[in-house]
Amino acid sequence: MATEATQLREIRALIAAHKRWDHVFGIVGLLAMLVGVVTLLALILDMFIDGYQRLTPEFFVSFPSRHAAQAGILSAWVGSALVMLVTMFAAVPLGIAAGIYLEEYAPRNWITELIEINVTNLAAVPSIVYGLLALGLFVYMLDLGSSIVTAGLTLALFILPVVIIATREAVRAIPGAMREAAYALGATKWQTTRDHVLPYSTGGIMTGVIIGLAQAVGETAPLITIGALTFIAFLPQAPLQAEAPYISFQWLFDPFTVMPIQMFNWVSRPQAAFLENAAAAGVVLMIMTLAMNALAIYIRYRYRKRIKW
Amino acid sequence: MSSNAADFSPRSLGHIKERLIEFLLFVAALSVVATTIAIVVILVYESLGFFEHVSVWDFLTDTQWTPLFYNPRYGILPLVSGTLVTAAVGVLVAIPLGTIIAIYLSEFAPHRVREIIKPLLELLGGVPSVVYGYFALLLVTPLLQTIYPGLPGFNMLSAGIVIGISVIPYVSSLSEDAMRAVPRQIREGSYAMGATRLQTALTVVTPAAASGIVAAYILSISLAIGQTMIVAIAAGTQPNLTWNPLEGAATISAYIVQVSGGDLPHGSLGYQSIFAAGLVLLLMTLFLNIIGHYLRRRYREVY
């Protein structure tokens, strides 16, 4: 009897020892996550402290300048907005169409397999390689120059895999019964896709599109490669003109700069005054991308809560 | 499968419309293949021009990369060493932290904690790389200099650490997906045998999700290799054949950024050299992607 009691005690001690490791790992896990969270906070705080003095209204409506105190980000944020517009119009229809094809239409054969391999492969190709592609293809072969349309198309190719993958996941999450119900009422494949599959997957697709655009807005390397300028003291031609035909697409072919390139240019300068500008531009850029990401997370959360199959 | 309506009136207008839409969607999907082909064709075409002037042997074995000198030499090794050292530092930061976070989120974290931490990690993944570069140059490097005063202002250590932090979200979220795909019964079997949570996580769940986790690691290596702006800002632009992360060195991508920032005449040797460097970078990531693809396929077949 006594031996049984000691055995039981030993086993209990053993279990307690093992459970202690559970607690230890719980703490290690929390610490590891803190590294990420603390970095995010340190990054935002550090930039804000360095740059908040420059965050005046003039900063947003001034062109870059040789004098750090007068320099602003007008041409950069206008450039970013226009490039994003082109990227969105190119990547969103193409990416959603490709995602729908792969999920709803594609037969199981080698062509489909080839497309799928290419999607995953392109998602891991470094962004700078897209820049080289654009330099050779858009800038010189198609002679589009270092323009807004070149930049927009480059970033569109870059985020295409993100949009495709998000579309596929969103479409896959819709139960087959929804499609069967539509077919049973005589709908064709496209009618089913257009009236049921697409509307139900809007939340997931929008989340992917916004995350992709947030990546594109912060992307620098491929745009430097295609020859974006760092010192632009004018705006692209306005899309609306006072004279007939009133609408102009000349802005597509104007030279440009974007937020991250402007920031890179200021970081690369030795003078401390320009580093302040870089920090201020960084704060604006961070707010832009974080807001887009937060919006994406929110949309996904909302849709996940609302839809119960 | 064709639609049912088509079976009633095969030649109707509706049927043609259906086929046309399917064809358009197919063309959209093919654009992905076209992109890959275009990347390969452009890089190979411009590189061929480069290798007419520089022999492949010199390119792969010369230890000097001085394309802008009067007497230029084109040995890719210094750029490759810079790329590998910064990527290695990054991976050494991202893989342990990312894996611990993944295990914690998948096996330990209460639902509430996960709901808060996952979006925060996603935000960390959404920070623009140029901002990370600023962070590496102006916050991490000065911090490291207080520990190791001899550290130069441009160094691969600080760039590598920040690359690692930027890659953590990818490692943690992909590894966590792989772990959560492990069926619940396998865990319960382990608990029934008297294993604790940590024992189950380390000896049952992690091995079962191994190929998915390794695929996440491989993606993180290829992201670290391709990372451009952090190294261009914080690691310097001087090609330097060294394996010491405390020194500064240019990477392949930093070279491309540095050179294309200036005015390169189209068709010049300097212009072609960025494509040759880009081709090396593409081949490195392509090799990793192929391994990753193979592993993912195996992992899909497990359950």
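Residues numbered from 1 in each chain as written. Chains lettered and ligands numbered in written order. Predicted model: local features only at pLDDT ≥ 70, side-chain atom pairs only at ≥ 80, totals over all residues. Heavy atoms only, no water.

1. What about the overall build of chain A?
Part 1 of the argument: Along chain A, the regular secondary structure elements total 12 helices and 0 strands.
Part 2 of the argument: When the helices and strands of chain A are read in sequence order from the N terminus, they spell out α-α-α-α-α-α-α-α-α-α-α-α.
Part 3 of the argument: The C-alpha radius of gyration of chain A comes to 26 Å, more than 25% above the 19 Å expected for a compact globule of 309 residues.
Part 4 of the argument: Structurally, chain A occupies a C-alpha span of about 100 × 65 × 35 Å along its principal axes.
Part 5 of the argument: For chain A, buried positions account for 50% of its 309 residues.
Part 6 of the argument: When contacts within chain A are restricted to residue pairs at least 6 apart in sequence, those whose partners lie at least 24 apart make up 75%.
Part 7 of the argument: Element-wise, carbon and sulfur atoms account for 68% of the exposed surface of chain A, whose accessible area totals about 14,700 Å².
Part 8 of the argument: Between the averaged position of the 19 positive side-chain charges in chain A and that of its 18 negative side-chain charges there is a distance of 10 Å. (Helix = DSSP H or I, 4+ residues; strand = E, 2+ residues; numbered from the N terminus. Rg over C-alpha atoms; globule rule 2.2 N^0.38 Å. Buried < 20%, exposed > 50% of the residue type's maximum accessible area, 1.4 Å probe, protein only. Contact = heavy atoms within 4.5 Å. Areas by Shrake-Rupley, 256 points an atom, 1.4 Å probe, with all protein chains shown as cover. Lys, Arg positive; Asp, Glu negative; His and termini not counted. Charge placed at Lys NZ, Arg CZ, Asp CG, Glu CD.)

2. Observations concerning the overall build of chain B
Part 1 of the argument: When helices and strands are counted, chain B shows 13 helices and 0 strands.
Part 2 of the argument: In sequence order, the secondary structure elements of chain B are arranged as α-α-α-α-α-α-α-α-α-α-α-α-α.
Part 3 of the argument: The C-alpha atoms of chain B give a radius of gyration of 24 Å, which is well past the 19 Å a tight globule of 303 residues would have.
Part 4 of the argument: Across its three principal axes, chain B shows a C-alpha extent of roughly 70 × 65 × 35 Å.

3. Looking at the interface of chain B and chain A
Part 1 of the argument: Residue-level contacts link 79 residues of chain B with 81 residues of chain A.
Part 2 of the argument: Both faces combined, the contact of chain B with chain A buries some 7,000 Å², and carbon together with sulfur accounts for 78% of it.
Part 3 of the argument: Inspection of the region where chain B meets chain A yields 0 salt bridges.
Part 4 of the argument: Our count for the chain B to chain A interface comes out at 9 residue pairs in polar contact (both at pLDDT 80 or more).
Part 5 of the argument: With 18 residues, helix H2 (residues 13-53) of chain B is the largest single contributor of residues to the side of chain B that touches chain A. (Buried area = accessible area lost by both parts, 1.4 Å probe. Salt bridge = Lys/Arg side-chain N within 4 Å of Asp/Glu carboxyl O. Polar contact = N/O pair within 3.5 Å; in protein donor to acceptor, adjacent residues only side chain to side chain.)

4. Structural notes on the nonpolar core
Part 1 of the argument: Membership of the largest hydrophobic core comes to 178 residues, with the highest contact counts inside it found for Leu223, Phe256 and Met263 of chain A together with Ile39, Val131 and Ile252 of chain B.
Part 2 of the argument: Beyond its immediate chain neighbours, meaning those up to four positions away, Ile39 of chain B contacts Leu122, Val125, Val129, Tyr130 and Leu133 of chain A together with Leu282 of chain B. (Core = buried A, V, L, I, M, F, W, Y, C linked by side-chain atoms within 4.5 Å.)

5. Digging into the pattern of salt bridges
Part 1 of the argument: In this structure the tally under the stated criterion is 10 salt bridges over all chains.
Part 2 of the argument: Between Arg172 of chain A and Glu103 of chain A there is a salt bridge whose closest N-O contact spans 3.2 Å. Taken together, the residues Arg172 of chain A in helix H6 (residues 148-172) and Glu103 of chain A in helix H3 (residues 74-105) connect sequence positions 69 residues apart.
Part 3 of the argument: A residue is classified by how much of its surface remains accessible, and Glu103 of chain A, at 22% relative accessible area, is partly exposed.
Part 4 of the argument: Across the pair Arg180 of chain B and Glu176 of chain B runs a salt bridge whose closest N-O atoms are separated by 3.8 Å. One end of the pair, Arg180 of chain B, and the other, Glu176 of chain B, are both in helix H7 (residues 156-180), 4 residues apart, so they sit about a helical turn from each other.
Part 5 of the argument: A network of salt bridges, in which partner residues are shared, links Glu103, Arg108, Glu116, Arg168 and Arg172 of chain A.

6. Some remarks on the packing of aromatic side chains
Part 1 of the argument: What the rule picks out here adds up to 9 aromatic pairs over all chains.
Part 2 of the argument: Where Tyr104 of chain B meets Phe108 of chain B, the ring centres are 6.3 Å apart and the plane angle is 5°; that geometry is what we call stacked. Taken together, the residues span about one helical turn, with Tyr104 of chain B and Phe108 of chain B both in helix H4 (residues 77-108) at a distance of 4 residues. For the pair shown, Tyr104 of chain B and Phe108 of chain B are each scored as buried.
Part 3 of the argument: In textbook terms, an aromatic cluster arises when at least three aromatic residues are bridged by ring pairs, as seen for Phe25 of chain A together with Tyr104 and Phe108 of chain B.
Part 4 of the argument: For Lys189 of chain A, the ring lying beneath its charged end belongs to Tyr105 of chain A, and the centroid distance is 5.4 Å. (Phe/Tyr/Trp six-rings, centres within 6.5 Å; stacked < 30°, edge-to-face > 60°. Lys NZ or Arg CZ within 6 Å of the ring centre and 35° of its normal.)

7. Things to note about the environment of Gly49 of chain B
Part 1 of the argument: Relative to the helices and strands, Gly49 of chain B is located in helix H2.
Part 2 of the argument: Note: C-alpha distance between Gly49 of chain B and Ile168 of chain B (119 residues apart in sequence) is 39 Å.

8. With respect to helix H9 (residues 202-218) of chain A
Along an α-helix, residues three or four positions apart point the same way, because every turn accommodates 3.6 residues.
Residue and element names in this part refer to chain A.
Part 1 of the argument: The end-to-end C-alpha distance of H9 is 24 Å, a good match for the 24 Å that 17 residues give at a rise of 1.5 Å each.
Part 2 of the argument: For H9, a buried count of 12 out of 17 residues is recorded, marking the element as mostly surrounded by other parts of the structure.
Part 3 of the argument: All of the buried residues in H9 are Gly203, Ile205, Thr207, Gly208, Val209, Ile210, Gly212, Leu213, Ala214, Ala216, Val217 and Gly218. (Expected span 1.5 Å × (residues − 1).)

9. Details of the confidence of the model for chain A
Part 1 of the argument: For chain A, per-residue confidence averages 83 on the pLDDT scale, and residues scoring 70 or more make up 91% of the total.
Part 2 of the argument: No element of chain A has a lower mean pLDDT than helix H2 (residues 57-61) of chain A, at 75, and none a higher one than H6 of chain A, at 90. (pLDDT = per-residue confidence, 0-100.)

10. Some points on the confidence of the model for chain B
Residue and element names in this part refer to chain B.
Part 1 of the argument: Of the residues in chain B, 94% have a pLDDT of 70 or more, and the chain-wide mean is 84.
Part 2 of the argument: Per-element confidence in chain B is highest for H4, whose mean pLDDT is 91, and lowest for helix H1 (residues 4-8), whose mean pLDDT is 49.
Part 3 of the argument: Both confidence scores are given for the complex: pTM 0.86, ipTM 0.86.

11. Observations regarding the side chain of Thr83 of chain B
Residues and elements named next belong to chain B.
Part 1 of the argument: Tracing the backbone shows Thr83 in helix H4.
Part 2 of the argument: A polar atom in the side chain of Thr83 sits 2.8 Å from the backbone oxygen of Leu79.
Part 3 of the argument: Engagement of the side chain of Thr83 in a polar contact is seen with the backbone nitrogen of Ile252, the distance being 3.0 Å.
Part 4 of the argument: Beyond its immediate sequence surroundings of up to four residues, Thr83 is in contact with Ile225, Thr251, Ile252 and Met284.

12. A look at H7 of chain B
Residue and element names in this part refer to chain B.
Part 1 of the argument: Here H7 spans 35 Å end to end across 25 residues, near enough to the 36 Å set by a 1.5 Å rise per residue.
Part 2 of the argument: Here H7 lies mainly inside the structure; 18 of its 25 residues are buried.
Part 3 of the argument: Between a side-chain oxygen at the N-terminus of H7 and the backbone nitrogen of Leu157 the separation is 3.2 Å; the capping residue is Asn155.

13. Considering the environment of Ala124 of chain A
Part 1 of the argument: Relative to the assigned elements, Ala124 of chain A resides in the loop between helix H4 (110-123) and helix H5 (127-141).
Part 2 of the argument: According to the relative accessible area criterion, Ala124 of chain A is buried, its value standing at 5%.
Part 3 of the argument: Separated by 34 residues in sequence, Ala124 of chain A and Phe158 of chain A have C-alpha atoms that sit 10.0 Å apart.
Part 4 of the argument: The residues contacting Ala124 of chain A, other than those within four sequence positions of it, are Leu219, Ser222, Thr285 and Asn289 of chain B.

14. Considering a nonpolar patch on the surface
Part 1 of the argument: A cluster of nonpolar residues, Met141 and Leu142 of chain A together with Ile37, Val41 and Tyr45 of chain B, forms a patch on the protein surface that exposes about 540 Å² of accessible area.
Part 2 of the argument: Among the elements that make up the nonpolar patch, the one with the highest residue count is H2 of chain B (3 residues).
Part 3 of the argument: What makes Val41 of chain B partly exposed here is its relative accessible area of 47%. (Patch = residues over 30% accessible without salt bridge, like charges linked within 9 Å, V, L, I, M, F, W, Y side chains within 5 Å.)

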